[in-house]
Amino acid sequence: MSTSLTISLLSLFVALLWSVVAWARLRKARRTEAALRESEEKYRAILDNIDDGYYELDANNRLVALNQALCKILGYAPGELLGMDGRKYLDAENAGKLNRLFDWISSGGAPSGTVDWEVICKDGRRRAVEGSVSPVRDGEGEIQGFRGILRDVSERKASEEVMRRQWAAIETSMDGMAIVDGDGRFEYVNDSIALMHGHTSRAALLGKNWKVLYASEELSRIENEIMPVLERSGRWHGQTVGIRIDGTTFPQEVSVDRLGDGGLTVVVRDITERQESERALRESEERYALAARGANDGLWDWNLKTGEMYYSPRWKAMLGYADDEVGTSPEEWLSRVHPDDIEILQAKIAAHHGGANPQFESEHRLRHQDGRYRWVLCRGSSLKDETGAVTRMAGSLSDTTESKHIEQRLHHDAFHDALTGLPNRSLFLDRLGHALTRLNRRGDYIFAVLFLDLDRFKVVNDSLGHALGDELLVAIAHRLEDCVRPDDTVARLGGDEFVILLDGVQDVDEATTIADRIHEALAIPVRLADHEVVTSASIGIAASSPMYERPDQVLRDADLAMYRAKALGKSRHEVFDSEMHRHMVVRLELETELRTVVERNELRVHYQPIVSLEDGGIVAFEALVRWQHPERGLILPDVFMSIAEETGLVVPIGQWVLEEACRQMQEWLPSLPSDRLVCMQVNLSGRQFRQRDLVDRVRTTLELTGLDPHRLGLEISESAVMDNAAAAADMLEHLRSLNVRLQIDDFGTGYSSLSYLHRFPLDMLKIDRSFVRNMGGDGTSQEIVRSFINLAHELGMEVIAEGVETADEVARLRALGCQHAQGYYFCEAVPPDSTKLFQADRLVSLSLT
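Now for a quick tour of the structure. (Residues numbered from 1 in each chain as written. Predicted model: local features only at pLDDT ≥ 70, side-chain atom pairs only at ≥ 80, totals over all residues. Heavy atoms only, no water.)

As for the overall build of the protein
Right, on to step 1. Helix and strand content of the protein: 29 helices and 31 strands.
Right, on to step 2. Every one of the 849 residues in the protein was classed for burial, and the buried ones make up 42%.
Right, on to step 3. In the protein, the share of contacts with a sequence separation of at least 24, taken over all contacts with a separation of at least 6, comes to 54%.
Right, on to step 4. A total accessible area of about 45400 Å² is found for the protein, and carbon and sulfur atoms account for 51% of it. (Helix = DSSP H or I, 4+ residues; strand = E, 2+ residues; numbered from the N terminus. Buried < 20%, exposed > 50% of the residue type's maximum accessible area, 1.4 Å probe, protein only. Contact = heavy atoms within 4.5 Å. Areas by Shrake-Rupley, 256 points an atom, 1.4 Å probe, with all protein chains shown as cover.)

Regarding the sheet that holds strand β1 (residues 53–58)
Strand pairing in a sheet relies on backbone hydrogen bonds. The paired strands run either parallel or antiparallel.
Right, on to step 1. Strand order in the open sheet formed by 5 strands is β2-β1-β5-β4-β3, and the pairing between neighbours is antiparallel. Every interior strand has two partners, whereas the edge strands, β2 (63–66) and β3 (113–120), have only one. Averaged over all neighbouring strand pairs, the angle between strand axes comes to 30°, with direction disregarded.
Right, on to step 2. Inspection of the sheet shows β1 paired to β2 by 3 bridges, in the antiparallel sense. Counted as the bridge partner of Y55 is L66 from β2. (Pairing = 2+ DSSP bridges. Axes fitted to C-alpha atoms, helices over the stretch in contact; angles between N-to-C directions.)

What to know about the sheet that holds strand β10 (residues 264–270)
Right, on to step 1. Strand order in the open sheet formed by 5 strands is β7-β6-β10-β9-β8, with antiparallel pairing between adjacent strands. Edge positions in the sheet fall to β7 (186–189) and β8 (235–243), since each has one partner strand and no second. Within the sheet, the average angular offset between the axes of one strand and its neighbour, ignoring direction, is 25°.
Right, on to step 2. Bridge count for β8 against strand β9 (residues 249–258) is 9 bridges, and the pairing is antiparallel. When the bridges of β9 are listed, G242 appears paired with F250.
Right, on to step 3. Here helix α7 (residues 216–233) sits on the sheet in contact with β8, β9 and β10, set at roughly 165° to β8.

Here's the deal with the pattern of salt bridges
Right, on to step 1. Going through the model one piece at a time under the given rule, you end up with 53 salt bridges.
Right, on to step 2. Of the charged contacts in the structure, one is a salt bridge between E278 and R274, with a shortest N-O distance of 3.5 Å. Of the two residues, E278 and R274 both sit in helix α8 (residues 272–294), 4 residues apart, roughly one turn of that helix.
Right, on to step 3. Accessibility expressed as a relative area gives 30% for R274, which makes it partly exposed.
Right, on to step 4. Close ionic contact of E602 with R600 constitutes a salt bridge, the shortest N to O distance being 2.8 Å.
Right, on to step 5. One salt-bridge network, held together by shared partners, links D91, E118 and R126. (Salt bridge = Lys/Arg side-chain N within 4 Å of Asp/Glu carboxyl O.)

Description of the packing of aromatic side chains
Right, on to step 1. Scanning the entire structure with this criterion turns up 12 aromatic pairs.
Right, on to step 2. Judged by centre distance (4.8 Å) and plane angle (80°), the ring pair of F747 and F788 falls under edge-to-face. Note that F747 is positioned in strand β28 (residues 741–747) and F788 in helix α27 (residues 780–794), a separation of 41 residues in sequence. Neither residue differs from the other here; F747 and F788 are each classed as buried.
Right, on to step 3. Consider the rings of F771 and F788, whose centres lie 5.4 Å apart with planes at 85°: the pair is edge-to-face. Here the residue F771 occupies a position in helix α26 (residues 769–773), and F788 occupies one in helix α27, the gap between them amounting to 17 residues. Taken individually, F771 and F788 each receive the classification buried, so the pair is uniform in this respect.
Right, on to step 4. By way of ring pairs, the aromatic residues W300, W302 and W333 are connected into one cluster.
Right, on to step 5. Across from the ring centre of W375, 4.5 Å away, lies the NZ or CZ of K404, which sits over that ring. (Phe/Tyr/Trp six-rings, centres within 6.5 Å; stacked < 30°, edge-to-face > 60°. Lys NZ or Arg CZ within 6 Å of the ring centre and 35° of its normal.)

Description of the side chain of H197
Right, on to step 1. Locating H197 in the fold gives a position in the loop between α6 (191–196) and α7.
Right, on to step 2. By relative accessible area, H197 is classed as buried at 1%.
Right, on to step 3. In this structure the side chain of H197 is engaged in a polar contact, spanning 2.9 Å, whose partner is the side chain of Q252.
Right, on to step 4. Beyond its immediate chain neighbours, meaning those up to four positions away, H197 contacts L213, I243, R244, I245, F250 and Q252. (Polar contact = N/O pair within 3.5 Å; in protein donor to acceptor, adjacent residues only side chain to side chain.)

Quick look at empty space enclosed by the protein
Right, on to step 1. Applying the stated criterion to the full structure yields 3 cavities of 30 Å³ or more.
Right, on to step 2. What lines the largest cavity is a set of 17 residues, among which W210, Y214, V254, V256 and V266 lie closest to the centre.
Right, on to step 3. Elements with a minimum of two residues in the lining of the largest cavity: α7, β8, β9 and β10.
Right, on to step 4. In terms of residue count, α7 provides more of the lining of the largest cavity than any other element does, 4 residues in total.
Right, on to step 5. Among the residues forming the lining of the largest cavity, the class breakdown is 16 nonpolar, 1 polar and no charged.
Right, on to step 6. Roughly 200 Å³ of volume is contained in the second largest cavity.
Right, on to step 7. Broken down by secondary-structure element, the contributors of at least two residues to the lining of the second largest cavity are β1, α2 (68–74), α4 (92–106) and β3.
Right, on to step 8. The residue makeup of the lining of the second largest cavity, split by class, is 12 nonpolar, 3 polar and 1 charged. (1 Å grid on protein atoms, 1.4 Å probe; cavity = no way out; pocket = protein on both sides within 12 Å on 5 of 7 lines; lining within 4 Å. Points joined across faces, edges and corners; volume = space filled by probe spheres on them. Nonpolar A, V, L, I, M, F, W, Y, C, P; charged D, E, K, R; others polar.)

Considerations on the packing of helix α13 (residues 425–441) against helix α17 (residues 551–567)
Right, on to step 1. Viewed as axis vectors pointing N to C, α13 and α17 meet at an angle of 105°, and their least axial separation amounts to 8 Å. With respect to α17, the axis of α13 lies roughly perpendicular. Facing α13, whose interface residues are R425, F428, L429, L432, G433 and L436, α17 presents P551, D552, V554 and L555.
Right, on to step 2. Partitioning the contact of α13 with α17 into residue classes produces 7 nonpolar, 1 polar and 2 charged. (Parallel < 35°, antiparallel > 145°, perpendicular 65-115°, else oblique.)

Some thoughts on the side chain of T420
Right, on to step 1. Position of T420 relative to the elements: it lies in the loop between α12 (401–414) and α13.
Right, on to step 2. What makes T420 buried here is its relative accessible area of 12%.
Right, on to step 3. Among the polar contacts made by the side chain of T420, one reaches the side chain of D417 at a distance of 2.7 Å.
Right, on to step 4. Within polar-contact distance, the side chain of T420 engages the backbone nitrogen of L422 at 3.2 Å.
Right, on to step 5. Residues in contact with T420, not counting those within four places in the same chain, are L473, V474, A477 and R492.

What to know about the nonpolar core
Right, on to step 1. Residues V698, L712, L714 and L735 are the most contacted members of the largest nonpolar core, which totals 82 residues.
Right, on to step 2. If you tally residues by element for this core, the top one is helix α20 (residues 650–668), at 10 residues.
Right, on to step 3. Sequence-distant contacts of L714, that is, excluding residues within four places in its chain, are made with L658, V682, L684, V698, L735, V740, R741, L742 and Q743.
Right, on to step 4. The next biggest cluster of nonpolar side chains, apart from the first, holds 32 residues, and it includes L422, L502, A537 and I539. (Core = buried A, V, L, I, M, F, W, Y, C linked by side-chain atoms within 4.5 Å.)

Some details on helix α11 (residues 342–353)
Right, on to step 1. Between the first and last C-alpha of α11 there are 17 Å, a value that for 12 residues agrees with the 16 Å anticipated at 1.5 Å per step.
Right, on to step 2. Listing the buried residues of α11 in full gives I342, L345, I349 and H352. One side of α11 holds all its buried residues, which, seen down the axis, span an arc of 95°. Along α11, exposed side chains directed more than 90 degrees from the buried face belong to E343 and I344.
Right, on to step 3. On its buried face, α11 is in contact with β11 (298–303), α10 (331–334), β13 (360–367), β14 (373–384) and β15 (390–399). (Expected span 1.5 Å × (residues − 1). Arc of directions from axis to C-beta.)

A short note on unusual backbone geometry
Right, on to step 1. One non-glycine residue with positive phi stands out, namely N61, at about 65°.
Right, on to step 2. Residue position: N61 is located in the loop between β1 and β2.
Right, on to step 3. For N61, a relative accessible area of 14% corresponds to the buried category.
Right, on to step 4. In this model, S571 sits at a positive phi of 50°, which is unusual for a non-glycine residue.
Right, on to step 5. Looking at S571, the relative accessible area reads 42%, which means it is partly exposed.

Digging into helix α16 (residues 508–522)
Right, on to step 1. An ideal rise of 1.5 Å per residue puts 21 Å on 15 residues; α16 measures up with 21 Å between its terminal C-alpha atoms.
Right, on to step 2. Among all positions in α16, only A511, T512, I514, A515, I518, H519, A521 and L522 are buried.
Right, on to step 3. Next to the buried residues of α16 lie β16 (447–455), α15 (466–483), β18 (497–503), β21 (536–543) and β22 (573–575).
Right, on to step 4. Where α16 begins, the capping side chain belongs to D507, and its oxygen is found 3.1 Å from the backbone nitrogen of D509.

The analysis is restricted to geometry; functional conclusions fall outside its scope.
Dropping the structure here:
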């Protein structure tokens, strides 16, 4: 065979051989690839069916492989995760933890590692995971990335946290807790059960039998009563009595459960405080129930959550209902409230709920079953929940009808006169104040005040008695009310004084017309028992004026006008005018100056002789005070003595006059006739006469001046004596004991005192000048004077006539048997150094001849 052929055949063989080898290799590669695909599919199937998450990271920490479990854990689809940086799903702390593990494996610290960390899910939640990490190496052993398995342990971690907290709760619980093994010994106890029984630590109980916690008596009860129940049901709950290491016992609440191995779980609670609280609560409830049954108040309890109210039987009985006749709705209360009170009540409830008032209190009227309304006082308080909302309100209900009526009566009595039922001074001034307010608001508004004082009312009181006097006042009150309009106010100030507020008159003439109507009404006789009494009144009228600022100013001016009416003859009315105001100002100035008149030595005493109508001789001098005013000149007592009487200044002034008159009489004694007892007559005012130390004052004055008591005569007005006849008689007796002479002044001027005259130790009776002046008229006054003289003589008294001004009066008095007289006919009152004083007897002697 040729070489070329051989080479050709050999080449062909080699080519054929390489073809066979290539085909074999291709076939093997295909078989390997198929096996690899099958292996990968099996591997993928395994990875996708395990519960743990699988992932692979390349050198740049990008996810290059993962399974379904990982997608489920993170909440993403596979396409959302592949190629993403795996650190995106970790926070800084957990990323750092994983990087440290990678670094440790890369540095050869370990071929793989495990770690617990948290991943951030797609929905933002965090899930606890744990897993292992291993490196991915190339053919040369270089690390090209990491692969790992992670397991979701969120639920396990949560359960462990719950168990940890539960165990911590057991450890720190105030209740005692223990586990007992099948032999009855303590496997576990917490600190509370040990401390509860007086041990300082739990170690003192571990391994001990549970029976050490009970006394023998209680162990017997447990064995006989509790253990059989536990055997049957596997559980027991109830109360036992434990014992401490010091031997003291305490009540327990115990819960026992049997375990499968025959052991027990035990929970023990010391209920000493609870039992004491329960006992205190029972006692409190018993006291409350007893108090509620015995109390006169009704009780109520309002549940604002359910809208129901409890009403106690007493609450219902207060309104006349039986226990089953009132329901549980709040309307049972609110619907019975008086229409005028419901809004105020609801406002108070709302204010209390809002926290404005810590305690609820309301006085209102509730309708009784009989249809009438009764006053009640409702008190209560409320409870609030943690949000501050009121959930409950409870309180009591008291029937205040009687006390309300008493309060109303007291209020009425405080502002009304008890005798007549008319408004009193306080209420009158209040209404007068409202009238002044209207006057300031309305320029066309006019009102008027009438001040009435009954004339000679004291005569009725003294002659007929106070009971009939009161009847007269009541009758007059009714008549006054009949004389005015419905809107006017008639009030009684006290005694026999009345005032009337004419609210809204046209002018002053309308007020005087009403005054005329009152005069006419009072002129009609009033029947009092068997007597008919006719009375009259002096009325002062003050009309509204811008000058008035206070009610008392209006009343003052009406009072002044009334006194003017009385001074002008009584039974009439006068309207206050500017002249009266001027007199009032003068009067106030005089009052102010009068308070220091004695200290300023401005008082003077003038003397008027009293002569005998038998022989013309002077028998006495009457001391009459004068005020030597530095600006007004000599002021007569008619001007200032009424002021002194009202203010009480008459007492020091009268005392000064008494001392000065006694001193002057003592000075005159050497020049007086020795054959006649000439006296000094000094007037005592009503206020002086009522002074308790009057007798001592007179005695002291006589001692200081040295005057013989027989030469001092004291003149007391008829009104002062008759103001209190019994007390006057007693005072006169004490004065008589000083041996001074006593006489009644101004006799016959207003009081029917004839029946009392014989009771008084009097020496003289002085007839008032008004009777003397009228003796020359129709004869009536002369007959009255005659009766006075005859009466005095029958009682052993001498008679003095004052105010004698004519010779005719002298002649008439002598004819009637009057012994003494004084007046301008003989001599006016003159200073002590006047020469006229001792010429009076000469004038009398001439007139008698």
